[in-house]
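# Residue-level structure breakdown
One letter stands for each residue in the lines below.
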Amino acid sequence: MSEIYNYPQITPHTFVRFILLRNFVFMDCFRTYTPTPALAPYILYYWMLDTSGGVSERVIPFGHVQLIFHREHSIFSSSHDELQPQCVISGLSSGYTDRRTAGHVKMAVVAFRPEGARAFLNIPMQLFRNDNISVDDLEDKPLRQLGRQLCTENDDLRCIQMIENFFLKRLENFDTYNLRRILPAIHTINHDNHISISD
């Protein structure tokens, strides 16, 4: 089995998280890609998984909202006691999740920055906390169409191009005013380890 890793412009902290994600013990191919500069303030990276399946793993909390496209077989979550939908938004989690795969698994995943998903999904992010929400349950027909298109596309780079084109188009209508207001607070939380709740 070949293992291919591509970590362009990935910080050491993020690299540690990837090591933890390697609970996909029998994976054939796991790649990460950085977004275009226009999307970089909102999207941390994309990751693609292609595996023959038959794997059970425990996934620890990741700290980022993720948009997951299952391009082949889905993954069964024993924590939620359900098969993940073909296209799903995975919210922030406060606990681990046990997952099982069977058959050929091909995933295309968008990992958003903490403030990033709100730019593209006109839904309060707290609604996704500790949950996986099917895109089919959202009133977002273009996103559902993107999911169906990705399921018929075999080329990973083409999938990323389709995802980026979709988000770049959405970005045209996004007002960055509130984002500019909250970014300094996020920066302070991430870089000041001594900040108190009262501050």
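Reference entry: report on the structure contained in this document.

Calculation rules
- Residues numbered from 1 in each chain as written.
- Predicted model: local features only at pLDDT ≥ 70, side-chain atom pairs only at ≥ 80, totals over all residues.
- Heavy atoms only, no water.
- Helix = DSSP H or I, 4+ residues; strand = E, 2+ residues; numbered from the N terminus.
- Buried < 20%, exposed > 50% of the residue type's maximum accessible area, 1.4 Å probe, protein only.
- Contact = heavy atoms within 4.5 Å.
- Axes fitted to C-alpha atoms, helices over the stretch in contact; angles between N-to-C directions.
- Parallel < 35°, antiparallel > 145°, perpendicular 65-115°, else oblique.
- Pairing = 2+ DSSP bridges.
- Expected span 1.5 Å × (residues − 1).
- Polar contact = N/O pair within 3.5 Å; in protein donor to acceptor, adjacent residues only side chain to side chain.
- Phe/Tyr/Trp six-rings, centres within 6.5 Å; stacked < 30°, edge-to-face > 60°.
- Salt bridge = Lys/Arg side-chain N within 4 Å of Asp/Glu carboxyl O.

Quick look at the overall build of the chain now. Each helix and strand counted, the chain has four helices and 10 strands in total. For the chain, the residues scored as buried account for 42% of the 199 residues in total. Long-range contacts, defined as pairs at least 24 residues apart, comprise 71% of the intrachain contacts of the chain with a sequence gap of at least 6.

In this section: the packing of helix H2 (residues 141-151) against helix H3 (residues 156-171). Axis separation between H2 and H3 bottoms out at 10 Å; the angle between their running directions is 170 degrees. Judged by the angle between their axes, H2 and H3 are roughly antiparallel. Between H2, through Pro 142, Leu 143, Leu 146, Gln 149 and Leu 150, and H3, the contact on the second element is made entirely by Cys 159, Met 162, Ile 163, Phe 166 and Arg 170.

Moving on: the sheet that holds strand S5 (residues 75-77). Spatially, the four strands line up as an open sheet ordered S3-S8-S5-S6, and their pairing is antiparallel. Where the open sheet ends on each side, the last strands, each with one partner, are strand S3 (56-59) and strand S6 (82-83). Relative to S6, S5 runs antiparallel, the two sharing two bridges. For Ser 77, the partnering residue across the bridge sits in S6 and is Glu 82.

Our focus in this paragraph is H3. Taking 1.5 Å of rise per residue, the 16 residues of H3 would be expected to cover 22 Å, and the 22 Å separating its terminal C-alpha atoms lies within 8% of that figure. Where H3 is buried, its residues contact strand S1 (29-33), strand S2 (43-51), strand S4 (66-70), strand S9 (105-112) and H2. Measuring from the backbone nitrogen of Leu 157 back to the side-chain oxygen at the start of H3 gives 3.2 Å, which picks out Asp 155 as the cap.

Attention now goes to the pairing of S4. Burial runs high along S4: five of the five residues are buried. Judged by which residues are buried, S4 turns out to be covered on both faces: Gln 66, Ile 68 and His 70 on one side and Leu 67 and Phe 69 on the other are all buried. Where S4 meets strand S7 (residues 87-90), four bridges bridge the pair, whose relative direction is antiparallel. Across the sheet, Leu 67 pairs through a bridge with Ile 89, a residue of S7.

Right, let's get into the packing of aromatic side chains. One pass over the full model with this rule turns up five aromatic pairs. Seen from their ring centres, Phe 120 and Phe 167 are 4.5 Å apart, and the 50 degrees between their planes marks the pair as tilted. Here Phe 167 lies in helix H3 and Phe 120 lies in the loop between S9 and strand S10 (132-134), a separation of 47 residues in the sequence. Pair check on accessibility: Phe 120 and Phe 167 agree, each one buried. Ring geometry for Phe 166 versus Phe 167: centroids 5.4 Å apart, planes at 70 degrees, classification edge-to-face. Ring pairing ties together the aromatic residues Tyr 42, Phe 112, Phe 120, Phe 166 and Phe 167, which thus form one cluster.

A side chain with one charge can pair with a side chain of the opposite charge if their charged atoms come near. According to the stated counting rule, one finds two salt bridges in the structure shown. Note that Asp 156 is salt-bridged to Arg 71, the shortest N-O span being 2.9 Å. Of this pair, Asp 156 sits in helix H3 while Arg 71 sits in the loop between S4 and S5, and the two are 85 residues apart along the sequence. An identical accessibility class is assigned to Asp 156 and Arg 71; each is buried. For Arg 170, the salt bridge is made with Asp 140, and the minimal N-O distance between the two is 2.5 Å. Placement of Arg 170 in helix H3 and of Asp 140 in the loop between S10 and H2 is noted, with a sequence separation of 30 residues between them. For Asp 140, a relative accessible area of 10% corresponds to the buried category.

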